[in-house]
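# An overview of the molecular structure
Listed below, chain by chain, are the residues.
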Amino acid sequence: MIRKMSQRKKYGHIGPRKGENADSTKVIPNWKQRVKAGLLLASSFLFVIYQGSLALSATILLVQFMCYKEILTIGYTINNNPRLPKFRMTVWYFFIVWNYTLIGESLGEQFRTVLHKNLLLSVIFDHSRFKGFCLYFAGIVLFVLSLAGKYDIKRFRLLAIVHVILVVITLPTYLLMKCSLEGMVWAVVPLSSVCLNDIFAYVFGKLMGKTPLILVSPNKTWEGFIGGVVGTIFSTIALSSVLCNFKHFICPTEYNEISEVIGINTNCTPSFPFEPNEYNLVPGLSLKFMPFVLDSFYIALFASFIAPFAGFFASGFKRAFNMKDFSNTIPGHGGIIDRFDCQFLMAIFIYVYMSTFLKTSKFKKLYGRVMNLNDRDQLVFYDLLKSFLEEKHLL
């Protein structure tokens, strides 16, 4: 009983009390508290994007850390908080190793020049994939050596939970960081579209909501869902149309060899998605707009139709464990995951979308791989490419 009461207080559990049913328990939110916290979050987000892509990347890592900590705490709770001091160190070891490997991959591609100039950074991040592989399996070896008696089952169960968390949280945040380095607009618009969908769905649901949408989240309605779709599409297109006019958002993050500073290259030449093009919609009617506006339309569709299901999944997870929120980190909103559950799915989508349809991203990746070759292999690559272009009469 004491454990259940402490869980209610710390994690916002709304499990069935005496005479209550879990599905019928209602919580009246403090809307003033929610509005204040929402405004604080929005202003903090604006401040971060004003600081640039590196500040945004640091914020993404902070959110990742908080989400990992929240789910890990729940994992300990459902396993009755076993006293496993060495294992608790192990789960954070895996977190650091995964981040080192993924971030090392990203930095290696994006900032190869600066890494080679700095001996310490070169030692740390060169061959990060292989080093991360070795460190990961060193962790597995240490885990096996630490197995002890009655807690073995709980250790394996928690280890499985840790790996699921790492895949679900660490990988999407890493992908979102990669996208933001190509131009902050590729992170700001997707993140904003999810928030806009949440706002429009809430407003239309409160004003006109009557028809239940999905059982796992009984407060969601079809009216709110449809209103969210329409509002998200128009607001996302409008937002992208404005942001595309500022190089602070569309230029990639690069290393300036003259000033020796990593930052947004505001002197960049806008890539194809940000160059106005004329489109013939119907015979006799043509419009001129940036291709990214069309990209933002697809982003809005995903944010409206698919991303909310990450929220529904999270709602089902919480109901399965009789929880209202993942934690009480944000007053009136619950935990960090409660605000960012849909963002993880959006992060994966935007990376897949960019790597599939944006040729500039592929060229940059290929160029980075060529730069990783030694001098001899670069000359061989040059000869092969030259011969191929001569055969096609392009040279």
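Residues numbered from 1 in each chain as written. Predicted model: local features only at pLDDT ≥ 70, side-chain atom pairs only at ≥ 80, totals over all residues. Heavy atoms only, no water.

## Description of the pairing of strand E3 (residues 253–256)
Counted only if it meets this: Only strands joined by at least two bridges in the DSSP assignment are considered to pair. Helix and strand definitions here come from DSSP, where helices need a minimum of 4 consecutive H or I residues and strands a minimum of 2 consecutive E residues; each element is numbered from the N-terminal end.
Taken together, the 4 bridges between E3 and strand E4 (residues 261–264) define a ladder with antiparallel strand orientation. Paired with Asn256 across the strands is Val261, a residue of E4. What sits between the antiparallel neighbours E3 and E4 is a turn of 4 residues, in which Glu260 has the positive phi angle 55°.

## Section: helix H16 (residues 375–391)
One full turn of an α-helix is made of 3.6 residues, so residues set three or four places apart face in the same direction. Heads up, the rule is: Given the number of residues in a helix, its expected span is that number minus one, multiplied by 1.5 Å.
Helix length check: H16, at 17 residues, gives a terminal C-alpha distance of 25 Å against a target of 24 Å (1.5 Å per residue), a fit within 8%. Where H16 terminates, the next one or two residues include His393, which has phi positive at roughly 60°.

## So, the pairing of strand E5 (residues 277–282)
Strand direction decides the pairing type here: E5 and strand E6 (residues 285–289), joined by 5 bridges, are antiparallel. What sits directly across from Glu278, in E6, is Lys288.

## A word on the confidence of the model for the protein
Operational definition: As a per-residue measure, pLDDT reflects the predictor's confidence and takes values from 0 up to 100. Note on definitions: a residue-residue contact is assigned when non-hydrogen atoms from the two residues lie within 4.5 Å.
Confidence along the protein averages 82 in pLDDT terms, with 87% of residues attaining 70 or more. Every residue in residues 1–28 scores below 50 in pLDDT, and together they form 37 contacts with partners more than four places removed in sequence or on other chains.

## Structural notes on the pattern of salt bridges
Threshold: By salt bridge we mean one thing: a side-chain nitrogen of Lys or Arg within 4 Å of a carboxyl oxygen of Asp or Glu. For every residue, the accessible area (1.4 Å probe, protein chains only) is compared with the maximum for its type, and the residue is labelled buried under 20%, exposed over 50%, or partly exposed between those bounds.
Per the stated rule, a full pass over the model turns up 2 salt bridges. Asp198 is paired through a salt bridge with Arg339; the nearest N and O atoms lie 3.2 Å apart. Here Arg339 lies in helix H14 (residues 336–357) and Asp198 lies in helix H9 (residues 185–208), a separation of 141 residues in the sequence. The salt bridge involving Arg376 is made with Asp377; its shortest N-O contact spans 3.6 Å. By relative accessible area, Arg376 is classed as exposed at 61%. Exposure remark for Asp377: the relative accessible area of 30% places this residue in the partly exposed category.

## Considerations on the environment of Thr269
Inspection of the secondary structure assignment puts Thr269 in the loop between E4 and E5. Classification of Thr269 by relative accessible area gives exposed; the value is 68%.

## What about the state of the cysteines?
Basically, it comes down to this: Disulfides are defined in this document as cysteine sulfur pairs within 2.5 Å.
Applying the stated rule across the entire model yields 1 disulfide. Between the sulfur of Cys251 and that of Cys268 lies a disulfide, 1.9 Å long from S to S. With the S-S dihedral at roughly -75°, the linkage between Cys251 and Cys268 falls on the left-handed side. With Cys251 in the loop between helix H11 (247–250) and E3 and Cys268 in the loop between E4 and E5, this residue pair connects regions lying 17 residues apart in the sequence. Taken as a pair, Cys251 and Cys268 share a single burial class, namely buried.

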